[in-house]
Every structure is written in C-alpha cells, then in structure tokens.
Protein chains: 2
Amino acid sequence: MNMVCLDLEGVLVPEIWIEFSKAAGIPELSRTTRDEPDYDKLMKFRIEILKNNNLKLPDIQKVISGMEPLPGAVEFANSVREKTQLVILSDTFEQFAKPLMKKLSYPTLFCNSIIADKDGTIIDYALRQPDGKKEAIKAFKSMKMRIFAAGDSFNDLAMIREADAGCLFCAPEQIRKDCSDLTCVDTYKDLLAKINTFLD
Amino acid sequence: MNMVCLDLEGVLVPEIWIEFSKAAGIPELSRTTRDEPDYDKLMKFRIEILKNNNLKLPDIQKVISGMEPLPGAVEFANSVREKTQLVILSDTFEQFAKPLMKKLSYPTLFCNSIIADKDGTIIDYALRQPDGKKEAIKAFKSMKMRIFAAGDSFNDLAMIREADAGCLFCAPEQIRKDCSDLTCVDTYKDLLAKINTFLD
C-alpha cells in the first residue's frame, strides 16, 4: 500500500511564524532556525516575545485563521487524496496548524504541540519526538507502507531520504546546491507527476 | 499528541461484502469469517465467485459507489477530525473502500489491497501485514502518539487493547460477552463523549 508524506509549511501553507510576524507587526518573530540554529533557544525566545506582547494562543490562532493555504494547494492535496493516502509531517504545532488544516479539509497531521495554561498563555512546547519526520517514515515502513515524501527545508532531508522515493519542492537555492542527489520540482503539477510515476 | 484510530466497516460504513452480496444478488458473497474462519480460504472462495459471475473490480466499485456511510457517520468523523487526528485501520481493500472514503472526505486509511489484472479481473489480494491493526497501533506508539481506538469486531480487539484507551462500538452480543473488560457504546454521541474524555 502506498502513501505520500508532505511537509506543511512552504509546501501547502505559508511559513506560519513569518506570516504571523507580519500580521502581528512583530519583526523579531520572523527569526528562524537560519538565524538561530538552536531550536530550543529560538522557541524560548519566541515564547518570551509573545509574553511581552501579551499575545496568547487564541490571538495567534485568530491571526492564523486569516491565512490561506498556498495558491493551488487545496486542489493539489485533494488530487493526492483521491489517488493515495496523504499524511502531513510537520515541525509546526497542532494548535497553530488547526485553522489551516480546516481549509485543507483535515488531512492527517503529525506534528508538535504548544503547551498553554488555562488562560491561553503559551508557556512551553513539546516535540512529538526528536527527528520526528524521519521516525514517522520509519514507523510507516514498519507498517509495510511504500512512501513518497516531499518537503522544502533542511529538516525534510532525512524524511525524503528515509522514504522509498521523494523530491524537494520549491527548496531554497542553498538546499538545491547541497542536495544535488535530490530532484527539486517547483509546481504542484510537477510534484503530482512525480507522485503519479511513483504510484504507477 | 493524540489520535483516534477507528475500524471502518460496521463503525463508519456498512459491511462491504454483505452489502455487495445483496446489491449483486449473490448470497454466497455474504459469507464472512464467522462462517469460514480461514481468511485466506474465504478470500479465494470470494475471488472464485467473482470470476464465475464475471464481476470485475470496476463492477464492484460501481456497486460500492451506490453505498452510503452509516447514518451520522460523516458528521461524527468530521467532529473527530476537528478535535484530533483520525486514522482508519481496516481489513478492507483500498480499491473497495475508495468510493466510501470519498463520501467521508478522505480520512487517512491503512488497509489491504486487491490485486487485479489489466482488464480489472481480481486475481489475488495482499495483506498490508499480518495483525495489521495491532501493528499500526504499535507503530503510532513508536511515534509517541497517544491513541484512542474503537471497533466492532474480533479483529479490532488487539487494536483496542494495544491503544492507550478505547472501546467497542455497536459490537455483536458475543463480543460484548467475551470482552466484558471493554466498554461498548452504541451511538456516535456516546463514542464522541468517550473520545472527548480521552482528549481532555
């Protein structure tokens, strides 16, 4: 049995922190792992800024609710689901992704979680597991699934390489250069063609 | 991160072989594992009958296309997907389930596969893996998911018991009797209440 595993941000929806940073007018929140490679340090920094700006989980979800999937993403995801099983493997937080998942008709999502207190103040985050995307592919393989994976970022490489087949999608120039063993496609049409070849 | 794993037939959709048997007017096809406990023998028997009646995969899919999810199943599945991740674990075949999955807005489905030749004649079947439902729960646990599972049949018991929590749904009297350690609920409202308690 076949399945497709896709990264979320940059593949089906915009980068959530960057869009949220713009919408909330807080440029510091656009800081990413490219600026601060220590993910835990970066998240603590983000949580501190949210606290200082009195931004709670419902405020963030409200801003994210105004975001839309990337143009063509809904139709693309629907096409994949008509053909095979689709699971989203993401490093985002389930509470952030929710309004966007609704717009994608709730594909299955494995990701991380935000820890908020009763009044919605974000106090911490919980990784599902270290190397979550790669471990998910390993788990699906233990279920005898045959997997095609695609993503756009450094954190997608282990997932793509662990899968039976896969490619990069709209990856930044540096990743294309560093990973010349992986094909990179730049449109949903081309990505769907890759998936169709895998399924045939 | 939480998820719900559900059996398909008898939980969200009717028993496919029984409905197909009625629609096609072939009573022998309603034979189940209750009549023939050897699953492989049962499937070979079914494939032989299909061949004798010149019924090919597209004919079967056409009949299944006329079936509907159980009353209330669409709304129930949507409610679950608004709250958490839903994965269907089924012993059906992906090619059979497809028209019904469309009516359920394509939740992720892990099941078995029919092997048909180019003209659609069913020649064999392929199990995803032995003990597929239980192994799937184990794999999700290796992904650090916290799982609620529900089903109606003997082949769901290992799945329910392997999960963090779960219950029977509309199970036959014999199973309720044999598994008095498991709660059995009989409405989507009660099943959703169980799931909500698990998620809280």
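Owing to the predicted nature of the structure, the values given are computational and were not obtained by experimental measurement.

**Student:** Help me understand the sheet that holds strand β4 (residues 122-126) of chain A, please; the structure alone is not making it clear to me.
**Tutor:** Strand pairing in a sheet relies on backbone hydrogen bonds. The paired strands run either parallel or antiparallel. All names here are of chain A. Read from one edge of the open sheet, 7 strands run β4-β3-β2-β1-β5-β6-β7, paired in mixed fashion. Where the open sheet ends on each side, the last strands, each with one partner, are β4 and β7 (184-185). Bridge count for strand β6 (residues 165-169) against β7 is 2 bridges, and the pairing is parallel. The residue bridging Phe169 from the neighbouring strand is Val185, located in β7.

**Student:** Which parts of the structure should I look at to understand the environment of Arg128(B)?
**Tutor:** All names here are of chain B. Inspection of the secondary structure puts Arg128 in the loop between β4 (122-126) and α6 (132-142). Here the side chain of Arg128 touches Gln129 through a polar contact of 3.1 Å, side chain to side chain. A distance of 3.0 Å separates a polar side-chain atom of Arg128 from the backbone oxygen of Gly132.

**Student:** What should I look at first to understand the packing of helix α4 (residues 73-83) of chain A against helix α9 (residues 188-199) of chain A in this one?
**Tutor:** What describes two packed helices is the angle between their axes and the distance between those same axes. Residues and elements named next belong to chain A. One way to put it is that α4 packs onto α9 with a least axis distance of 11 Å and a crossing angle of 10°. On the basis of the axis angle, α4 is roughly parallel to α9. Residues Ala73, Phe76, Ser79, Val80 and Lys83 of α4 touch α9, and the partners they reach there are Tyr188, Leu191, Leu192, Ile195, Asn196 and Leu199. Residues of the contact of α4 with α9, tallied by class, amount to 8 nonpolar, 2 polar and 1 charged.

**Student:** Would you mind going over the relation of the copies chain B and chain A with me for this structure?
**Tutor:** Superposition of the two copies of the chain requires a rotation about an axis and a shift along the axis. Expressed as a screw operation, the relation of chain B to chain A combines 0.0 Å of axial shift with a rotation of 180°, fitting to an RMSD of 0.0 Å. Such a combination of turn and shift is consistent with a two-fold rotation axis. The C-alpha atom lying nearest the rotation axis in chain B is that of Ala139(B); the distance is 2.5 Å. Both copies contact each other with a shared surface, as 100% of the interface residues of chain B are interface residues in chain A too.

**Student:** Would you mind showing me how to read the pairing of strand β1 (residues 2-6) of chain B here?
**Tutor:** Two faces belong to every sheet, and in a regular strand the side chains alternate between them. Residues and elements named next belong to chain B. Of all the 5 residues making up β1, 5 are buried; the element is thus mostly covered by neighbouring parts of the structure. Every second residue of β1 is oriented toward a common face, with Asn2, Val4 and Leu6 on one face and Met3 and Cys5 on the other, all of them buried. Both β1 and strand β5 (residues 146-151) contribute to a ladder of 5 bridges, which runs parallel. Residue pairing in the sheet places Cys5 in a bridge with Ala149 of β5. Sheet topology places β1 next to strand β2 (residues 85-93); 4 bridges connect them, and they run parallel. Within β2, the residue paired with Val4 across the bridge is Leu86.

**Student:** Would you mind going over the environment of Glu28(B) with me for this structure?
**Tutor:** Within the secondary structure, Glu28(B) sits in the loop between α1 (16-24) and α2 (39-52). Note: C-alpha distance between Glu28(B) and Asp40(B) (12 residues apart in sequence) is 16 Å.

**Student:** Mind showing me how you'd approach unusual backbone geometry here?
**Tutor:** Comment: phi is negative for the bulk of residues other than glycine, and the bulk of peptide bonds are trans. Residue and element names in this part refer to chain B. Residues other than glycine seldom take positive phi values, yet Asp131 does so here, at roughly 50°. Residue Asp131 is classed as exposed on the basis of its relative accessible area, which comes to 57%. In this structure, Lys144 is a non-glycine residue whose phi angle is positive, near 65°. Within the fold, Lys144 resides in the loop between α6 and β5.

**Student:** Mind showing me how you'd approach the interface of chain B and chain A here?
**Tutor:** Accessible area lost upon the coming together of the parts serves often as the stated size of an interface. On the side of chain A, 28 residues touch chain B, which itself brings 28 residues to the contact. Where chain B abuts chain A, roughly 2400 Å² becomes buried across the two surfaces, and 58% of that area is made up of carbon and sulfur atoms. For chain B, the biggest contributors to the area lost against chain A are Met1(B), Tyr106(B) and Met143(B); these three give 27% of the whole. Where chain B touches chain A, the interface holds 0 salt bridges. Elements that contribute at least two residues to the side of chain B that touches chain A include exactly α4 (73-83), β2, α5 (94-103), β3 (108-116) and α6 of chain B. Of the residues contributing to the side of chain B that touches chain A, the split by class is 14 nonpolar, 6 polar and 8 charged.

Cut-offs and rules
- Residues numbered from 1 in each chain as written.
- Chains lettered and ligands numbered in written order.
- Predicted model: local features only at pLDDT ≥ 70, side-chain atom pairs only at ≥ 80, totals over all residues.
- Heavy atoms only, no water.
- Pairing = 2+ DSSP bridges.
- Helix = DSSP H or I, 4+ residues; strand = E, 2+ residues; numbered from the N terminus.
- Polar contact = N/O pair within 3.5 Å; in protein donor to acceptor, adjacent residues only side chain to side chain.
- Axes fitted to C-alpha atoms, helices over the stretch in contact; angles between N-to-C directions.
- Parallel < 35°, antiparallel > 145°, perpendicular 65-115°, else oblique.
- Contact = heavy atoms within 4.5 Å.
- Nonpolar A, V, L, I, M, F, W, Y, C, P; charged D, E, K, R; others polar.
- Least-squares fit on C-alpha atoms with pLDDT ≥ 70 in both.
- Buried < 20%, exposed > 50% of the residue type's maximum accessible area, 1.4 Å probe, protein only.
- Buried area = accessible area lost by both parts, 1.4 Å probe.
- Salt bridge = Lys/Arg side-chain N within 4 Å of Asp/Glu carboxyl O.

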